[in-house]
Amino acid sequence: MAAIGEENHKKRKLLDGPEIEIDVSAPEPPSKKALRKAKKKAGDADAKDTDESKPAAISNSENTAEAASQKRSEYAIWIGNLAFSVTKDDLRRFFTANCSFTDATITRINLPKPADKNSRAQNKGFAYIDFSTPKALKEALELSEQLMSGRRVLIKDANNYQGRPEKSQETGKDSAAAAVSGRPPSKRVFVGNLSFDATKELLEEHFAKCGTVANVHIATFQDSGKCKGYAWVEFEDLAAAETAVKGFKIVTEDLEEEEDPELESGKRNKPQKPQRRKIWVNQVLGRRMRIEFAEDATTRYNKRFGKEGKKRNAETESEPGDFEEVAEEKPQAMKPKQANSEYSRYDSSTVQKLSGAILEGKGKKTTFD
């Protein structure tokens, strides 16, 4: 055993060769940060030289082309119901073949492309086309409902907004959030598509990112006590509820300043701009929630138990002077259901069958000879 231990702890022999010499007086190699700065300065200098070397005629022509492309014509159309495979050349051929004007009359074609780069579609199904003359605009509008690539296109005047829905008077975050839920903004929100494992503590901790949570009510099963898949969350501030319905919150963070060892003593780095990032609050336990504004608790109670309905009927039947008396009346307490047959949802014969009682025969006896 001693021999084996000695063999394992033997030192490895050094390789025969010249020893490595280190020059202590040599300058320190540049850091990665210094190399990045030098590379950026070299790139900016090359770009500047390239811009200065351009002929004046070329730069003038580019500016003229940009100004021409930005200028819109007064005679423009919107064409919809296009096939996703339609291109700008197909649109030019469609109008030049069916109208009397030439290709030069079409001054601009804006065919928006889909945001997904991997999509096979080459457009979004609509386009904007500008013409140089009002006659060309009139001829193009007459081609509406004509077939193009197997589809009947819809053509309208791009400057005519008749028939479009009016914009809501509400502006800003309130209108956007209300448009999502269809209800006016309130401090109480409905949360759907929850996991059955969701708990009250989990929702309180999750929605605390939006603001202070006043109350969380989860609908649960009577036997197991687990979540039914939906809940109501009430916030103390309306802004917190709007953030929850929107699904994200924008947070501004101040970045810490890093000391640059290459700077001379006494100088400081430039203060960095605060960084903004989104915090998403629309997903819990791997499920995307459905969040929308809920009805106020008082409104929901009145709708459910008919308090508002009784008041409306009393107001219509009473005279104007009796309105105050009707408003002061307290609603009568709900009477508990009695156990007699009057309040039963089954008839008497069904109750006898369910209870096992003997039923009296009501049939007619028939005898055969």
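Residues numbered from 1 in each chain as written. Predicted model: local features only at pLDDT ≥ 70, side-chain atom pairs only at ≥ 80, totals over all residues. Heavy atoms only, no water.

## Digging into the overall build of the chain
The following threshold applies: Put simply, DSSP H or I for four residues or longer makes a helix, DSSP E for two residues or longer makes a strand, and each gets a number counted from the N terminus. When a residue's accessible area, from a 1.4 Å probe over protein chains only, is under 20% of the maximum for its type it is buried; when over 50% it is exposed; and in between it is partly exposed. Any two residues whose heavy atoms approach within 4.5 Å are treated as being in contact.
Looking only at helices and strands, the chain features 12 helices and 14 strands. Residues counted as buried form 22% of the 369 residues belonging to the chain. Sequence separation of 24 or more characterises 66% of the internal contacts of the chain that already satisfy a separation of 6 or more.

## Things to note about the sheet that holds strand β7 (residues 188-192)
Formally: For two strands to be treated as a pair, DSSP must find no fewer than two bridges joining them. Axis definition: a line fitted to C-alpha atoms, limited for helices to the stretch in contact. Angles are taken between N-to-C directions and run from 0 to 180 degrees.
Spatial strand order, β8-β9-β7-β14: four strands in an open sheet with antiparallel pairing. Single-partner strands in this sheet number two, and they are β8 (213-220) and β14 (290-293). Across the sheet, the mean angle separating the axes of adjacent strands is 20° when strand polarity is ignored. Strand direction decides the pairing type here: β7 and β14, joined by four bridges, are antiparallel.

## With respect to the sheet that holds strand β6 (residues 154-157)
A sheet is described by the order of its strands in space; here four strands give the open sequence β2-β3-β1-β6, paired in antiparallel fashion. Taken across any chain shown, the strands that pair with only one partner, and hence form the sheet edges, are β2 (106-110) and β6. The mean inter-strand angle of the sheet, taken between neighbouring strand axes irrespective of direction, is 20°. Pairing analysis gives four bridges linking β2 to strand β3 (residues 126-131), with the strands arranged antiparallel.

## Considerations on the packing of aromatic side chains
The following threshold applies: We call Phe, Tyr and Trp rings a pair once their centres come within 6.5 Å, taking the six-membered ring for Trp, and we label the pair stacked below 30 degrees between planes, edge-to-face above 60, and tilted otherwise. Two limits define a charge over a ring: the Lys NZ or Arg CZ must be within 6 Å of the ring centre, and within 35 degrees of the ring normal.
Using the criterion set out here, one finds 11 aromatic pairs in the structure. Where Y230 meets W232, the ring centres are 5.6 Å apart and the plane angle is 90°; that geometry is what we call edge-to-face. Assessed through its relative accessible area of 29%, Y230 is described here as partly exposed. Positioned above the aromatic ring of F248 is the side chain of K246, whose terminal nitrogen or guanidinium carbon lies 5.2 Å from the ring centre. Its guanidinium or amino end placed over the ring of F248, K278 lies 4.3 Å from that ring's centre, counting from NZ or CZ.

## A short note on the confidence of the model for the chain
Short version of the rule: A residue's pLDDT is the predictor's confidence in that residue, given on a scale from 0 to 100.
Averaged over all residues, the pLDDT of the chain equals 75, while 64% of them reach at least 70. The low-confidence segment residues 61-69 (pLDDT under 50) makes two contacts with residues lying over four places distant or belonging to another chain. For residues 318-341, every residue scores under 50 in pLDDT, and the model assigns this stretch six contacts once sequence neighbours within four places are set aside.

## Some points on the environment of A127
Positionally, A127 belongs in strand β3. C-alpha of A127 to C-alpha of L111: the two residues are 16 residues apart in sequence and 4.6 Å apart in space. Among all residues touching A127, those that are not within four sequence positions of it are I77, W78, I79, L82, L91, N110, L111 and P112.

## Observations regarding the pattern of salt bridges
Under the convention used in this document: Put simply, a salt bridge is a Lys or Arg side-chain nitrogen that is within 4 Å of an Asp or Glu carboxyl oxygen.
Throughout the structure, instances matching the rule amount to five salt bridges. Put simply, R92 and D103 hold a salt bridge, and the shortest N to O gap is 2.7 Å. Pair noted here: R92 is in helix α4 (residues 88-98) and D103 is in the loop between α4 and β2, with a separation of 11 residues, a long-range link. Taking the relative accessible area as the measure of exposure, R92 reaches 26% and is therefore partly exposed. Take D103: its relative accessible area is 39%, and that puts it in the partly exposed class. A salt bridge links R108 to D130; its shortest N-O distance comes to 3.7 Å. Remark: D130 occurs in strand β3 and R108 occurs in strand β2; sequence separation between them is 22 residues. Owing to a relative accessible area of 1%, D130 belongs among the buried residues under this scheme.

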